[in-house]
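# Residue-level structure breakdown
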Amino acid sequence: MTINKKHVIKLLEEIAVYLELKGENPYRITAYRRAAQALEQDDHSLDEIDDFTKIKGIGERTAAIIDDYLENSESETLQQLQQEVPQGLVPLLDLPGLGGKKLSKLYQELKVTDAATLKEALESGEVEKLEGFGKKSAEKMLKALEDADSRPERLPLAMMLPLAEKIEKYLQSCQTFDRYSIAGSMRRMKETVKDLDFIIASSDPAKTRDELLEYSEIKDIVASGETKVSIVVDAGYEVGVDFRIVAPHEFASTLQHFTGSKDHNVTLRQMAKEKNEKISEYGIENNETGEVQTFESEKEIYEHFGLHYIPPEVRENYGELDKFKEPVRLLETSDIRGDLHMHSTWSDGAQSIKQMAEQSKDKGYQYIAITDHSKYLRVANGLNENRLRKQREEIDKVNSSMKDFHIFAGIEMDILPDASLDFEEEFLKEMDFVIASIHSSFSQSQDKIMKRLETALECPYVHMIAHPTGRLIGRRKGYDVDVNKLITKAKETGTILELNANPNRLDLNYEWLMKAQEEGVDIAINTDAHSYPMLDHMTIGAATARRGWLRKETVINTWTTKQLMKKFGIAK
DNA sequence: GCCGTTTTCGGCCCGACTGTTTTCAGTCG
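The model shown is predicted, which means the values in this text are computed figures rather than measured ones.

## Observations regarding the sheet that holds strand S13 (residues 406–414)
Two pairing modes exist for strands in a sheet, parallel and antiparallel, and in both the strands are linked by backbone hydrogen bonds. Ordered in space as S11-S12-S13-S14-S15-S16-S17, the 7 strands form an open sheet in which the pairing is parallel. The sheet is open, and its two edges are formed by strand S11 (338–339) and strand S17 (523–526), each paired on a single side. Across the sheet, helix H22 (residues 538–547) lies against S11, strand S16 (496–500) and S17, angled at about 145° from S17, the strand it touches most.

In structure tokens:
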């Protein structure tokens, strides 16, 4: 196994978890977490770092652990910890109310080593007798243990978006306040979301609380104070929704605080501390005078620290609090000039070519590509050569009927299980824009999958690889792609990689997008729309692009029609 | 464990909540 940076980061985080279980000094534990973070934020790859102690946050001890790991492909420190602490304890840290210290106590005093032994101890009533534990916490843990398998911890963004929209609609109709915002990981557009957070500015919290409690879809009320209303709604799955009610002048600070991420805020608080200040959800306090400053907008909060406005999607403590000292211009939805992957009634889409084109033009686009499925995909009514030639005639017709708008005649061509392509090169020449994608034999070995992708990458008439890993968030892992290799090869062959904006896919994910941009690969953000409402997924794609720090120039569908024609090799 | 124009010791991010307490530790975001 070649050890990469991710492995080292994981090692350090694992060591931290085990130390936590041992009940070690909490600062020693955070030291390992910080070292992992420092490594993550460092721009260099592993082999470019000769001395790890040069990175702030990594000292001699940690550097020695990393060196040992790199040299021997295993870590003596971790192995030792694994011998001292039963591995079955690690997942128990996810139980509510159970942290390192309490779990460590359960292990030492009751010989709890995994979920099964914990359950026994709970049922026999041993746990509630222990100091620091009680009847209530024992009941909670037992319930959590029993529910553990029934529901995933986080739900895919695609499932949560409609719920968030529904609640926002209710908030819009409310009378006791007018300023509110979604916060939390949903606002950061994380690909999975645990619960929904809303911040509400109200001068009459009691009335606002009552109004919130009138929401018709409430299944359970968890808390209903004048600063926090916490409910559970049933959207086919139970979801917690928190509303934080604050005074209007505190709104920006509260929004910033509850948008997070946690790690982003930790770093921001450290920055405040260096200025002898304290930042919280209520504002920024000067430690000497005790005066609390509040802000009109989040922009002003960041400016207070000498930073430019940091978009929510970027607030993950991936180095943004350093990078945004300089202005950083990330991709905006309004930069997008067209959508290069969508389907029509010719294959499995719901609307005609003309309808898709007109909808797209209404969105302000200058071009689209119609990219229906190819003949291999029979279930989707895939097109053969003849039908594609006929389709082009229709595209030509629509093109001549529309002003200031262009439709590229494209195809989403299958890469077949035997690594051949669904069309001969001779035919592909006729197409304006060729997408290659995998829709079959997902469980092949990495070698076979890579061979299929390489065939497509090397074909001079393939412009783009769509949804490169094939994952469906929360449902399907995707096929076994060596993404590093894919990115290198895409750079070599000048092939575009897709960011598929469908919230079920978001493929490539933001981490790979960072890598692809770093390597100089062109990206296209496409909705893969099968009906025109799906064209709206572009905003989700753009948000994901920002999570991957994509700049406008990396994304080719910000280019003009003319520039794209040149890129696609269309003479005109 | 890491760090240092208050540098080799003493601090390390903030506030709220919960349950178990009777003044607070542990957990969480």
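## Notes on the packing of helix H1 (residues 5–21) against helix H2 (residues 26–41)
Axis angle and axis distance: for two packed helices, these are the angle between their axes and the distance between the axes, and together they describe the pair. One way to put it is that H1 packs onto H2 with a least axis distance of 8 Å and a crossing angle of 170°. Classified by the angle their axes make, H1 and H2 are roughly antiparallel. Viewed along their axes, H1 and H2 form a crossing whose handedness is left-handed. For the pair H1 and H2, the contacting residues are Lys 5, Val 8, Ile 9, Leu 12, Glu 13, Ile 15, Ala 16, Val 17, Leu 19 and Glu 20 in the first and Arg 28, Ile 29, Tyr 32, Arg 33, Ala 35, Ala 36, Leu 39 and Glu 40 in the second. In terms of residue class, the contact of H1 with H2 is built from 12 nonpolar, no polar and 6 charged.

## Re the nonpolar core
Counting 59 residues, the largest nonpolar core has Ile 370, Ile 407, Met 413, Leu 453, Val 481, Leu 497 and Ile 525 as the members making the most contacts within it. For this core, the element with the highest residue contribution is helix H19 (residues 446–458), accounting for 5 residues. Residues within four places of Leu 497 in sequence aside, it is in contact with Met 464, Ile 465, Leu 486, Ile 487, Ala 490, Leu 508, Val 521, Asp 522, Ile 523 and Ala 524. Of all hydrophobic cores here, the second largest spans 48 residues; its members include Ile 65, Val 85, Ala 121 and Ala 138.

## What about the UniProt feature "domain: Helix-hairpin-helix DNA-binding motif class" (unreviewed entry) in chain A?
Mapped onto the present numbering, the UniProt feature "domain: Helix-hairpin-helix DNA-binding motif class" (unreviewed entry) falls on residues 50–69, 90–109 and 125–144. The straight-line gap between the two end C-alpha atoms of residues 50–69 is 14 Å; of that span, 50% is helix and 0% is strand. Each end of residues 90–109 is marked by a C-alpha atom, and these two atoms are 17 Å apart; helix forms 50% of the span and strand 0%.

## Some details on the UniProt feature "domain: Polymerase/histidinol phosphatase N-terminal" (unreviewed entry) in chain A
Look at the UniProt record and you will see "domain: Polymerase/histidinol phosphatase N-terminal" (unreviewed entry) annotated at residues 338–417. Helix makes up 34% of residues 338–417 and strand makes up 22%, while its end C-alpha atoms are separated by 31 Å.

## Looking at the pattern of salt bridges
Pairs may arise between side chains of opposite charge once their charged atoms sit close together. Throughout the structure, instances matching the rule amount to 30 salt bridges. We note a salt bridge from Lys 363 to Asp 536, for which the minimum N-O separation is 2.8 Å. With Lys 363 in the loop between helix H16 (353–362) and strand S12 (367–373) and Asp 536 in the loop between S17 and H22, the pair connects residues that are 173 residues apart, well separated along the chain. The partly exposed category is assigned to Lys 363, whose relative accessible area is 36%.

Thresholds applied
Per chain, residues are indexed from 1 in the order of the written sequence. Chain letters start at A and ligand numbers start at 1, both assigned in the order the entries are written. Only residues with pLDDT of 70 or above have their local features reported here, since the model is predicted, and side-chain atom pairs are shown and tallied only from 80 upward, although totals for entire chains, interfaces and linings are computed over all residues. Hydrogens and water molecules were not included; the side-chain quantities draw on all heavy atoms of the structure. Two strands are said to pair when DSSP picks up at least two bridges between them. A run of DSSP states H or I qualifies as a helix once it reaches four residues; a run of E qualifies as a strand once it reaches two. Both are numbered from the N-terminal end. By definition, residues are in contact when any of their heavy atoms lie within 4.5 Å. Comment: axis = line fitted to C-alpha atoms, over the contacting stretch for helices; angle = value between 0 and 180 degrees taken between N-to-C directions. The scheme is simple: roughly parallel for angles under 35 degrees, roughly antiparallel for over 145, roughly perpendicular for 65 to 115, oblique for anything else. In this scheme the handedness of a crossing depends on how the near helix is turned from the far one: anticlockwise by less than a right angle means left-handed, clockwise means right-handed. Residues are grouped as follows: nonpolar covers Ala, Val, Leu, Ile, Met, Phe, Trp, Tyr, Cys and Pro; charged covers Asp, Glu, Lys and Arg; every other residue, Gly included, is treated as polar. Only buried Ala, Val, Leu, Ile, Met, Phe, Trp, Tyr and Cys residues count toward a nonpolar core, and they belong to the same one when joined by side-chain atoms within 4.5 Å. Note on classification: 1.4 Å probe, protein chains only; a residue is buried when its accessible area is under 20% of the maximum for its type, exposed when over 50%, partly exposed between these limits. UniProt positions are given in the numbering used here, feature names are shortened, and annotations may be inferred rather than shown by experiment. The salt bridge criterion pairs a side-chain nitrogen of Lys or Arg with a carboxyl oxygen of Asp or Glu, the two atoms within 4 Å.

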